[in-house]
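Observations on the three-dimensional arrangement
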Amino acid sequence: MGRGASKALWAIAGVLIIVYTLFPVAWIVSLSFKKGSDVQNQQFFPTEWSWENYKTVLDSGLFTSALRNSIGISLISTVVSVTLATFAAYAIARLEFSGKKLVLSMALAIAMFPTISLVPPLFDLWRTLGLYDTWIGLIIPYMSFTLPLSIWTLSAFFREIPWEMEQAAQVDGATPWQAFRKVIVPLAAPGVFTAAILTFFFAWNDFVFGISLTASDAARPVPAALAFFTGESFFTEPTAAIAAAAVVVTIPVIVLVLLFQRKIVAGLTSGAVKG
Amino acid sequence: MAAISLKNIVKRYGDGYPAVNDVSLDIADGEFMILVGPSGCGKSTLLRMIVGLEDITSGDLSIGGRRVNELAPRERKLAMVFQNYALYPHLTVYENIAFPLRLAKQPDETVREKVEKVAELLELKEHLHRKPSQLSGGQRQRVAMGRAIVREAEAFLFDEPLSNLDAKLRGQMRTEISRLQRRLGTTTVYVTHDQTEAMTLGDRVAVLRKGVLQQCATPRELYEHPVNLFVAGFIGAPPMNLLPATVTNGKVELPFCTVPIPSGIDPAAAEGKLLVAGLRPGHFEDAAYVDAAKRNRGQTFEATVDVTEWLGNEQYAYVPYESPEEIRAQVDALATELDMEAMRPQLIISLDPASRIKEGRPAQFWVDTSRMHLFNPQTGNNLAGQREPDTQPA
């Protein structure tokens, strides 16, 4: 087989995979522009493009409060989780303490728990503690499920940074905290962003905790809220409106990925040491 | 600027192995001190103890008369250049050099002034806004030095700063470091395993072996009066010839000739003993090229050359000889310790480049016996004993 033929094969395979993965997304987008009973038009494209569903969705208090909850809860869990993970990972990468292996394997074990198995005990516990249907009630489980992965990712990044970086900073007059903040964290930035994005996605896309640990607009995030969605009237199926809502919540995720993709890819450590 | 004093410094690791054992050194204010030795001799550990990156197991370290054993690196006010430079890759050259000043919270105006002065000194002006990854090895090296000299540190510490550069650049940077240190007059401790650097840069050189200080003296003193076999074998390239020598009737019998015992050695004490004689390649010459004035200091002998190497400005001849098992084992062990290969015994002779001695034919050589050293093969000590050490730089 010649080089050209193999290249063409790769291209065809690539296109097939892109079509396969993007088709459902395209379908949702097209569905979200279908007006009223156009949903049943048995075609891929709407007969008439309309913003009606977006208007319905954004006008409904149910959706906007859910969007607010989702953004708030996801951002807070991300910031807290990544900050804690950065400290923990630094300690794991740099300090010698007994039980280091245990901490790491425990963290991994937690990440392997099926989420659903934690829902009943958490439900009971949160009811007793008064955390049921609050932001905190969702932030805590999100953090406990994303911390292990963040710690693993970040400690791998910290281990890659040569020891001399901190030592040079300390000789230059930095306290250990300054060395960490001014030298190590900027160098580990790609790792921090990776961890942040993974955490944000987990919180943003979660449905299980969102639906079982909330009861009202006070804390219900978007994926759970969509299940409670009704259309314009109680009797119409809200398919198109749900599609519009789905498009609205997908946008921030895409924007985030595009924004941070560069940061993740950039090899910041190049040039640190001899080359 | 300050003097650094080490008193009975010991570094013992968890397994009880002493990486640095009872080292005492006084480094004068403004002095350029070299720590040298083969890999694993503890020279880098010693440097890292001075700067505070390694704990001191026992002993006293004082900088400028103040005991600093327990001080954190930032409180010791020393500047260090790391082997791999340890530049901050996320900062520009300007910010890399400015880093210590920023930590000291100096105003922007002062920072700019100082960084530009240093950049001028190190010819880094046009690179100030680049990142370290865009620089060549030599430029990175200069940035690392810039970061060290930008704040007026008590002393500079260098940890094999040139070992990552290629040979040509290394020579240039060596001169650069020397010029800089003379100009700034700052106390400097410089670790290297390269004896050219050791000999050319240092006011004094401290030779370490397995964590123990062997000799600390001026380069000239080390070369001409090594205290033991280790220093004798380590200093000098090509290395000193270590020949078996037997003392009989106050004369030293060498593989090729018999020579009078050097002055300063008690003939009675050495009588009948098997010793190691140390003669540098430069102490030999083609008998035809010896000045009449020098001739009396040594004597001539005949030997057959195996191989000659002509390098233009110098010429070496290799003459194989037989050595008793006892001496040979000693010399081989020393070679292994100095990261060299144990070779069959051969005399290395430095000849006048004009000499036309032919390989495979007997020829007349001359040896300057007045500069011969005699070592005890068991202890390795120089029989002439230790001369009065040069305490101050020349």
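That block above? That's the structure.
Here goes a summary of the coordinates provided. These numbers were taken from a predicted model, which means no experiment stands behind them. (Residues numbered from 1 in each chain as written. Chains lettered and ligands numbered in written order. Predicted model: local features only at pLDDT ≥ 70, side-chain atom pairs only at ≥ 80, totals over all residues. Heavy atoms only, no water.)

What about the overall build of chain B?
Of regular secondary structure, chain B possesses eleven helices and 21 strands. Dimensions of chain B along its principal axes, counting C-alpha atoms only, are 75 × 45 × 40 Å. A burial count over chain B gives 53% of its 394 residues as buried. Restricting to contacts in chain B with at least 6 residues of sequence separation, those with at least 24 account for 71%. In chain B, which carries 45 positive and 51 negative side-chain charges, the distance between the mean positions of the two groups comes to 5 Å. (Helix = DSSP H or I, 4+ residues; strand = E, 2+ residues; numbered from the N terminus. Buried < 20%, exposed > 50% of the residue type's maximum accessible area, 1.4 Å probe, protein only. Contact = heavy atoms within 4.5 Å. Lys, Arg positive; Asp, Glu negative; His and termini not counted. Charge placed at Lys NZ, Arg CZ, Asp CG, Glu CD.)

Observations concerning the pattern of salt bridges
All names here are of chain B. Scanning the model with the defined rule gives 21 salt bridges over all chains in all. Residues Glu 152 and Lys 114 are paired through a salt bridge, measuring 3.9 Å at the closest nitrogen-oxygen approach. With Glu 152 in the loop between helix 4 (137–149) and strand 7 (155–159) and Lys 114 in helix 3 (residues 108–121), the pair connects residues that are 38 residues apart, well separated along the chain. Using a relative accessible area of 22% as the deciding quantity, one classes Lys 114 as partly exposed. Across the pair Arg 209 and Glu 337 runs a salt bridge, and its minimum N-O distance is 2.6 Å. Taken together, the residues Arg 209 in strand 9 (residues 204–209) and Glu 337 in helix 11 (residues 325–337) connect sequence positions 128 residues apart. According to the relative accessible area criterion, Arg 209 is partly exposed, its value standing at 27%. When salt bridges with common partners are traced through the structure, they connect Lys 11, Arg 48 and Glu 54 into a single cluster. (Salt bridge = Lys/Arg side-chain N within 4 Å of Asp/Glu carboxyl O.)

Regarding the interface of chain A and chain B
Across the contact, 25 residues belong to chain A and 26 residues belong to chain B. Both faces considered, chain A and chain B share a buried interface measuring about 2,300 Å² in area, 62% of it formed by carbon and sulfur atoms. The tally of links between chain A and chain B comes to one salt bridge. The salt bridge involving B:Arg147 is made with A:Asp172; its shortest N-O contact spans 3.5 Å. On inspection of chain A and its partner chain B, the count reaches seven residue pairs in polar contact (both at pLDDT 80 or more). Residue assignment for the side of chain A that touches chain B shows that the elements contributing at least two residues are helix 7 (163–171) and helix 8 (176–187) of chain A. Sort the elements by how many residues they give to the side of chain A that touches chain B and helix 7 of chain A lands first, with seven residues. (Buried area = accessible area lost by both parts, 1.4 Å probe. Polar contact = N/O pair within 3.5 Å; in protein donor to acceptor, adjacent residues only side chain to side chain.)

Focus on the nonpolar core
Ranked by size, the top nonpolar core spans 62 residues in total, and within it A:Phe158, B:Ile4, B:Leu6, B:Leu35 and B:Leu46 carry the most contacts. Element by element, the count of residues in this core is highest for helix 3 (residues 61–94) of chain A, at six residues. Apart from the residues lying within four places of it in its own chain, the contact partners of B:Leu6 are B:Val23, B:Ser24, B:Leu25, B:Ile27, B:Leu46, B:Ile50, B:Asp60 and B:Leu61. Residues B:Tyr190, B:Phe230, B:Val276 and B:Phe375 belong to the second largest nonpolar core, which totals 56 residues. (Core = buried A, V, L, I, M, F, W, Y, C linked by side-chain atoms within 4.5 Å.)

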